[in-house]
Amino acid sequence: MKFPILFFILTAFCFAAQETAVVHFENGDQLSGNAVALNLQTLTWQSELLKDQPQFKLDQIKDLQLPSKLDNSLAQDAGHEAVLELTNGNTVKGLLTGLNDKEIHLNTWYAGKMVFDRLKVKSINISRKNKTLYSGPNGIDDWKVIGDENCWTYSNNELVSDGSGSIARDIDFTDEIEIGYDFSWKGMLKSKLIIFTSDITTATPKSGYEISFESSLIRIRRLSDGRLLVGRSSPRREQPNENARITIRVSRQTKTIMVLIDDELQCTWNDGDMNDIKGKGLMFNSENNTQSKLSNIMISEWEGQLDEVASDEIDFQEQRFNLRFQRGVPVPPTKAQELPEGRMLLANGDTLEGEVLGIEGEMIKIKTPFTEVTFPVHRINNIALKKANLETPKLYQGDVRAVLADGSIFVFRLEDVKDGKIIGFSQNFGRADFLQSAFKRIEFNIYPKPKFK
C-alpha cells in the first residue's frame, strides 16, 4: 500500500481514546488503527503497521470510520422521535421541543439542544418512540456463549466473532417487535440469526425462525419443520459493502416478518402459523474463517406500520438485497406523503389543517380554522411548514459530512476536537459540540472543487 504522508508538524485537535478506526483514502487504500489527532489540514494516525505516527493530508482522505455507540438514555422517557429533512438533503433526528416562525428546536443525545434555521428545514416527520426492551451490547456477560468460548469477544462496544460459535440471550419479545443492529464483515456477507427460539443452549435449536444472509440472498426458515418461508421482495441488487444497519420487524397481528437494510425495505414474509412460535430467545451465529462485528443492538416495541411495501408482484423464497450502497453515499430517507401546504398527516391516517402554536413536553398545540387543539406529539406524522422562501446553505471548502450512530446525516465545518467532543459550525444549526462516540463516519472532500466558494 502507498499512503500519502505529511511529515511536518501542525497543532492538532486530540481525539479521545478509541479502538479500531479505519481511514479510507481517495486512491482506494485503507488503514486500520487509531485516530490520534486532527486539524484542518491533517489527520495524525497510529497503526501497528507503522513505526511512527504519520500525518495524512485531509485532501487525500475520503472518510474516517470511527467506533460509535448509540446512547438511548434520552429516548427512554420520550414519546416520539422527530426527523428533520434539511434543504440540503441532510436528515437530523431528535426530540422536537419548540417551533416558531424563525426556529425549530431539537433535543438530541449527541449534541444536547440544537436550534435550526426554519428556512433551511424542508420537512419535519414524527414517529412514535416505542419502549426499548434491550440496548447494547454492554459486555460479553450479557450473552450466553455457545460452542468455543473464545469465538465471540467484546471490545470497544462491539461483539466480535473470529470463529465458529453462537451467542444468545432471552428477550421479553412483544407481539410487535423491531430488532436493529449494525453489522460489519470482511469479504462476502455470510451471517445467520435466530429469533423466537425456546432453546438457547444449542446452536441448532428446533424452534423459532432462522434468518440467513449470504452474499445478496436473504432466507427465512421455520426451524420447527425446516420450511423456507415464501416472501415478496423489492428489485434485486448487490450486497452492501462490508457494513450495514440491519432491521427486522415482526408483527404477530399481521403474521409478517420484514427485513430492512439501512432503512430500505428488502422483502416481507408471511407465516400463518406464527402464533405457534412463542420463544423468547435471540441468537447470532458465526462461522469459521469469517470475522464479523455486531454493535448498536436495539430491540424495541414496534407500532406495526410500514410506510412502504415490497414492490415485486412475484414471490421468491430467496430474496436478494435491494440496495444502492457505495461507501460514503447515504441512502436517502423514505419520502413522506405529499400533502397540500398547511395540512398535516396524523398517525391514524386523518389530515389536519392548521398552524403549530407551541410545544411543551410531549404535547403540541395547533391552531385550526375552527379551534385550538392540543394532543401528544407522537399522534402527528408530519408538521406542515411553509415551502416558500426556503434557503439552501452555501457550499464551503472544508465542510465535512457526518454520519451518526442513529442514522443522522449532516454537513458542518470542523472547528475543534477536544475532551471527547467534536466541535463544528453549520449554517443550519450554528455551533454545536458533538459527542465523539456518536460519530460513525466523517467524510472529507465532499464537494467537487469547481463548486467551492
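These numbers come from a predicted model, not from an experiment.

Parameters and conventions
Residues numbered from 1 in each chain as written. Predicted model: local features only at pLDDT ≥ 70, side-chain atom pairs only at ≥ 80, totals over all residues. Heavy atoms only, no water. Helix = DSSP H or I, 4+ residues; strand = E, 2+ residues; numbered from the N terminus. Contact = heavy atoms within 4.5 Å. Pairing = 2+ DSSP bridges. Axes fitted to C-alpha atoms, helices over the stretch in contact; angles between N-to-C directions. Buried < 20%, exposed > 50% of the residue type's maximum accessible area, 1.4 Å probe, protein only. Phe/Tyr/Trp six-rings, centres within 6.5 Å; stacked < 30°, edge-to-face > 60°. Lys NZ or Arg CZ within 6 Å of the ring centre and 35° of its normal. Polar contact = N/O pair within 3.5 Å; in protein donor to acceptor, adjacent residues only side chain to side chain. Core = buried A, V, L, I, M, F, W, Y, C linked by side-chain atoms within 4.5 Å.

Novice: Go over the overall build of the protein chain, please, and point to the residues and values.
Specialist: Check the secondary structure of the protein chain and you find 0 helices and 40 strands. Considering only intrachain contacts with a sequence separation of at least 6, the fraction spanning at least 24 residues in the protein chain is 63%.

Novice: Please provide a residue-by-residue account of the sheet that holds strand E32 (residues 355–360), values included.
Specialist: Read across the sheet, 3 strands follow the order E32-E33-E34 without closing on themselves; strand pairing throughout is antiparallel. Each edge of the sheet is formed by a strand with only one pairing partner; in this case those strands are E32 and strand E34 (372–376). Taken over all neighbouring pairs, the strand axes of this sheet differ in orientation by 20 degrees on average, direction set aside. Judged from the 5 bridges that link them, E32 and strand E33 (residues 363–367) form a sheet pairing that is antiparallel. Across the sheet, Glu 360 pairs through a bridge with Met 363, a residue of E33.

Novice: Tell me about the pairing of strand E16 (residues 165–170), residues and numbers included.
Specialist: Summarising burial for E16: 5 of the 6 residues are buried, a large majority. By the bridge criterion, 4 bridges tie strand E13 (residues 144–147) to E16 in an arrangement that is antiparallel. By the bridge assignment, Val 145 is partnered in E16 with Ile 167. Pairing geometry for E16 and strand E26 (residues 281–286), over 6 bridges, is antiparallel. Within E26, the residue paired with Arg 169 across the bridge is Leu 282.

Novice: Could you give me a rundown of the environment of Cys 267, with the residues and numbers involved?
Specialist: Positionally, Cys 267 belongs in strand E25 (residues 264–270). When the C-alpha atoms of Cys 267 and Arg 219 are compared, they prove to be 10.0 Å apart, with 48 residues separating the residues in sequence.

Novice: Tell me about the packing of aromatic side chains, and name the residues and values.
Specialist: Within this structure, the stated rule accounts for 19 aromatic pairs. Centroid distance Phe 25 to Phe 56: 5.0 Å. Interplanar angle 90 degrees. Geometry classified as edge-to-face. You can see Phe 25 sitting in strand E2 (residues 21–25) and its partner Phe 56 sitting in strand E5 (residues 55–57), a full 31 residues away along the chain. The exposure class assigned to Phe 25 is buried, which follows from its relative accessible area of 2%. Each residue in the set Trp 109, Tyr 110, Phe 116, Phe 410, Phe 412, Phe 429, Phe 434 and Phe 439 is aromatic and connected to the rest through ring pairs, giving one cluster. One residue, Arg 252, lies across the ring of Phe 196, its end atom 4.7 Å from the ring centre.

Novice: An account of the side chain of Asn 382 is needed here, citing residue identities and associated values.
Specialist: With respect to the helices, strands and loops of the structure, Asn 382 is situated in strand E35 (residues 382–383). Judged by its relative accessible area of 13%, Asn 382 is buried. At a separation of 2.7 Å, a polar atom in the side chain of Asn 382 contacts the main-chain amide nitrogen of Leu 345.

Novice: Provide a residue-level description of the environment of Arg 222, including the pertinent values.
Specialist: One can find Arg 222 in strand E20 (residues 217–222). Each C-alpha atom of the pair Arg 222 and Asp 273 lies 9.9 Å from the other, and the pair is 51 residues apart in sequence. Apart from the residues lying within four places of it in its own chain, the contact partners of Arg 222 are Gly 208, Tyr 209, Arg 227, Asp 271, Asp 273 and Ile 277.

Novice: Help me get a handle on the nonpolar core, residues and values and all.
Specialist: Among the nonpolar cores identified, the biggest contains 60 residues, and Tyr 110, Phe 116 and Ile 124 are the most heavily contacted of them. The leading source of residues in this core is strand E37 (residues 409–418), at 4 residues. Each residue touching Phe 116, except ones within four places of it in the same chain, is listed here: Leu 84, Leu 86, Val 92, Lys 102, Glu 103, Ile 104, Leu 106, Val 121, Asn 428 and Phe 429. Of all hydrophobic cores here, the second largest spans 39 residues; its members include Ile 179, Ile 220, Ile 248 and Val 259.

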